[in-house]
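In case you want the letters, here they are:
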Amino acid sequence: MSARTKRLRPSDFAPAAILLAALCLKAAEPAALESLQNKVFDAFQAQRPRAYASSPARVIDIDDESLRRLGPWPWPRSRTALLVSKLARLGAKTIVLDVVFAEPEPTDASLLKAMAGASVVTGFMLTSHPNETRPALKTGVSYVGPSPLPYLPDFPGAVADLPAFEAAAAGNGAISLVPEPDGVIRRLPLLLRRGETLYPSLMVEVLRVHQDAGGIVVKTELGGISEVRTGGVTLPTDASGRLWVHYAASDPSRAIPAWRLLAPDFRSNELTGAVAFVGSSAQRLQDLRATPLGPSMPGVEIHAQAVEQALAGRMLSRPLWAKGVELAYLLLLGLALIALTPRLSAARSAALGLAAAGAGWPLAWRAYVDARLLFDPLFPALALLAVYSASALASYLKAEDERRRLLLLDEAKDEMLSVASHDLRGPVNAMIMIVDAMSQGQFGALNEKQARYLKLINNQGRKLNDFVANILDTAKIKAGKLELHRQAVSPGEAIDTVAEVFAVAAEAKSVTLKSLRGPALPPVYADQAKLEQVLNNLLGNALKFTPSGGRIEVSAVAEGEHVRFCVADTGMGIAAGEIETLFRRFSQADKDEQADRGIQGTGLGLAICRELAEAHGGRIWVESVKGKGSSFYFTIPIAPGEPPPPGAG
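Residues numbered from 1 in each chain as written. Predicted model: local features only at pLDDT ≥ 70, side-chain atom pairs only at ≥ 80, totals over all residues. Heavy atoms only, no water.

Turning our eyes to something else, we now look at the overall build of the chain. Of regular secondary structure, the chain possesses 18 helices and 24 strands. Classification of the 649 residues of the chain by burial places 46% in the buried group. Contacts spanning at least 24 positions in sequence make up 78% of the contacts within the chain whose residues lie at least 6 apart. Total accessible area on the chain is roughly 31600 Å²; 58% of this is exposed by carbon and sulfur atoms. (Helix = DSSP H or I, 4+ residues; strand = E, 2+ residues; numbered from the N terminus. Buried < 20%, exposed > 50% of the residue type's maximum accessible area, 1.4 Å probe, protein only. Contact = heavy atoms within 4.5 Å. Areas by Shrake-Rupley, 256 points an atom, 1.4 Å probe, with all protein chains shown as cover.)

Strand order in the open sheet formed by four strands is β4-β10-β11-β12, and the pairing between neighbours is mixed. Every interior strand has two partners, whereas the edge strands, β4 (141-144) and β12 (233-236), have only one. Neighbour-to-neighbour, the strand axes of the sheet open up by a mean angle of 25°, direction not taken into account. As paired elements, β4 and strand β10 (residues 216-221) share four bridges and run parallel to each other. (Pairing = 2+ DSSP bridges. Axes fitted to C-alpha atoms, helices over the stretch in contact; angles between N-to-C directions.)

This part takes up the sheet that holds strand β23 (residues 620-625). Strands belonging to one sheet form pairs held by backbone hydrogen bonds; the direction of such a pair is parallel or antiparallel. Overall, mixed pairing links the five strands, which are arranged β19-β21-β22-β24-β23 in an open sheet. The sheet is open, and its two edges are formed by β19 (512-517) and β23, each paired on a single side. Across the sheet, the axes of successive neighbouring strands diverge by a mean angle of 15°, strand direction being ignored. Sheet contacts for helix α15 (residues 528-545): β19, β21 (551-559), β22 (562-569), β23 and β24 (629-637); angle to β22, the most-contacted strand, approximately 20°.

Before going further, it helps to spend a moment on the packing of aromatic side chains. Tallying each qualifying case throughout the model produces eleven aromatic pairs. Between the aromatic rings of W365 and Y368, the centroid separation amounts to 5.7 Å while the plane-to-plane angle is 40°, which identifies the pairing as tilted. Here the residue W365 and the residue Y368 both occupy positions in helix α11 (residues 346-371), the gap between them amounting to three residues, near one helical turn. For Y368, a relative accessible area of 2% translates into the label buried. On the basis of an interplanar angle of 80° and a centroid distance of 6.3 Å, the ring pair of F583 and F632 is categorised as edge-to-face. Residue F583 is found in the loop between α16 (576-579) and α17 (591-597), and its partner F632 is found in strand β24; the two are separated by 49 residues along the sequence. Neither residue differs from the other here; F583 and F632 are each classed as buried. Connected via pairs of aromatic rings, a cluster forms that spans F44, W365 and Y368. Over the aromatic face of W259 sits the side chain of R69, whose NZ or CZ is 3.7 Å from the ring centroid. Its guanidinium or amino end placed over the ring of W75, R79 lies 5.5 Å from that ring's centre, counting from NZ or CZ. (Phe/Tyr/Trp six-rings, centres within 6.5 Å; stacked < 30°, edge-to-face > 60°. Lys NZ or Arg CZ within 6 Å of the ring centre and 35° of its normal.)

This part covers the side chain of S55. Assignment of secondary structure puts S55 in the loop between α2 (31-47) and β1 (57-61). Among the polar contacts listed, one links the side chain of S55 to the backbone nitrogen of A57, at a separation of 3.1 Å. (Polar contact = N/O pair within 3.5 Å; in protein donor to acceptor, adjacent residues only side chain to side chain.)

Mapped onto the secondary structure, D161 falls in the loop between β5 (157-159) and α6 (163-168). Despite its burial, D161 pairs with no opposite charge, the nearest such side chain being R77 at 7.2 Å. At a separation of 2.5 Å, a polar atom in the side chain of D161 contacts the main-chain amide nitrogen of F101. Residues contacting D161, with those up to four places away along its chain left out, are V99, V100, F101, T122, G123 and E166. (Lys, Arg positive; Asp, Glu negative; His and termini not counted. Salt bridge = Lys/Arg side-chain N within 4 Å of Asp/Glu carboxyl O.)

Further remarks concern the nonpolar core. Core analysis: the biggest nonpolar cluster contains 41 residues, and L531, L535, L538, F565 and F634 have the highest contact counts within it. Of all the secondary structure elements, the ones that give two or more residues to this core are α14 (491-508), β20 (524-527), α15, β21, β22, α18 (605-615), β23 and β24. With seven residues, the top contributor of residues to this core is α15. Once residues lying within four places of it in the same chain are set aside, the contact partners of L535 are A494, I495, V498, V554, F565, V567 and F634. Of all hydrophobic cores here, the second largest spans 39 residues; its members include L191, M297, I302 and M315. (Core = buried A, V, L, I, M, F, W, Y, C linked by side-chain atoms within 4.5 Å.)

Below, the structure written as structure tokens:
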């Protein structure tokens, strides 16, 4: 266990808590969340509706013009009989009456006669109003797996055709369209329940009769109904036995107005083998429903489109396992965000968060377009953004705590170093003075060995003094107490002054030291002592790292409103990966090579150079090639009132 126990804050647990809450919410999928996801599916359908192709499913439309020409609704059943007979003569294989004949009237016999000569599917409605009416079942409904009854709503009442019409019909199905809470018809119930009895919907009965199929089979899995089969058609459902309608835009060729069909001169072979739905688009009959494609589609067209997509095999599906896929997607990416966000930079973690939130959209779109599968990309995206935001906030708070802790430690260290350096400065200077006096023979003659050791002591003392000075300068800069006594300073004179100090040492090391100046250099606005300190540090480093036989050049040229100084050497150079941290305090390049060459340093000189250059309003940088040398550049502003030289910058 570490000596210092990390303090955990509530924000550290927030990302995992948000992810867990999102998973639970998705698993429960309340009505508000389902409504949100349905809006996404609506947008998919609106953006890419099913392409309409010629189909056996046709609508015989009792439109407003038909009511104007043939009389108001309800029509006498003799007129409906004419429609049925005409459709049968034109070759319609299945005729669907999207109407309930619950009350008798005098012309019932004519309709019953017409139905006897055709294959007709009638409809009924299950209602929430209790009564004793039970629609006739024209086929059996069996199931594979658990009973589907628990997954279906139980309707206590019904409105059905007269028994004579039910008996004459080849099929009988529920015509009820159950909208979502927002009034949009997205799914059609394929099965309905009255007590313990299962009833097929109108769509299922139409498919059964049209295929001459014997019965209906329901497949139920753990979690709900998964499909309904009749004949050669398998209809995928949601857990409640509803089919997602894959809508196509309304097409005039899908419908034939009733007045036109009943015209004596109407002749056509387009109804041969068709499934003809008889219903109304007339506004006064109020059978217009909202769909993902718009606010008003006739109910009969919705039934026709459902049969149309089933016969074409172009059905939408949101299988029972779709929610499991979404939960797994959310869990995996959520855990990845929680694990990776604290380890990445702010920019990279933001990119990761956006990528995680956005990745589901193209995947869901391709699943819809290519496989007609419905997956929800919105909730996982919102949840992952929330997880990322919480993770980023936790990382930020943790970094801030660490920054404050390090700042306190840094301040304590600086204070300790400042005090220690200040206390050391007096004894070190006294030691140097005493050693200088002894070296000059003020306390008696020295032999060769004594003189050599005193020289070593003097050199090390001066190094220690320089180190103390650097620490004190760093403390002043950090405390904002650095004072600059700025005036017009000649760049050439500053270079000459510092170069002269190092001339003897360079000659002793067999290093060529050259001073180069640009023409007509203007004076710079600087603290002369601090300017010379920067040059001194850079030139001292150059001499330290340049081997015997090497070359050092100190130069200055005017560039715009600044003078650019340069100290270039042919020394050991700096690796590219170390340049970024070179000007930080206590940073040293290639410490192993320095140790091998016996080169010593504090790692403060370049940091001080940067602070001094920036305090003057300039900047400092380096260009270097490992093994070939380095060029250190810094800029100082030209003194006010001094125009830049002609042609400069």
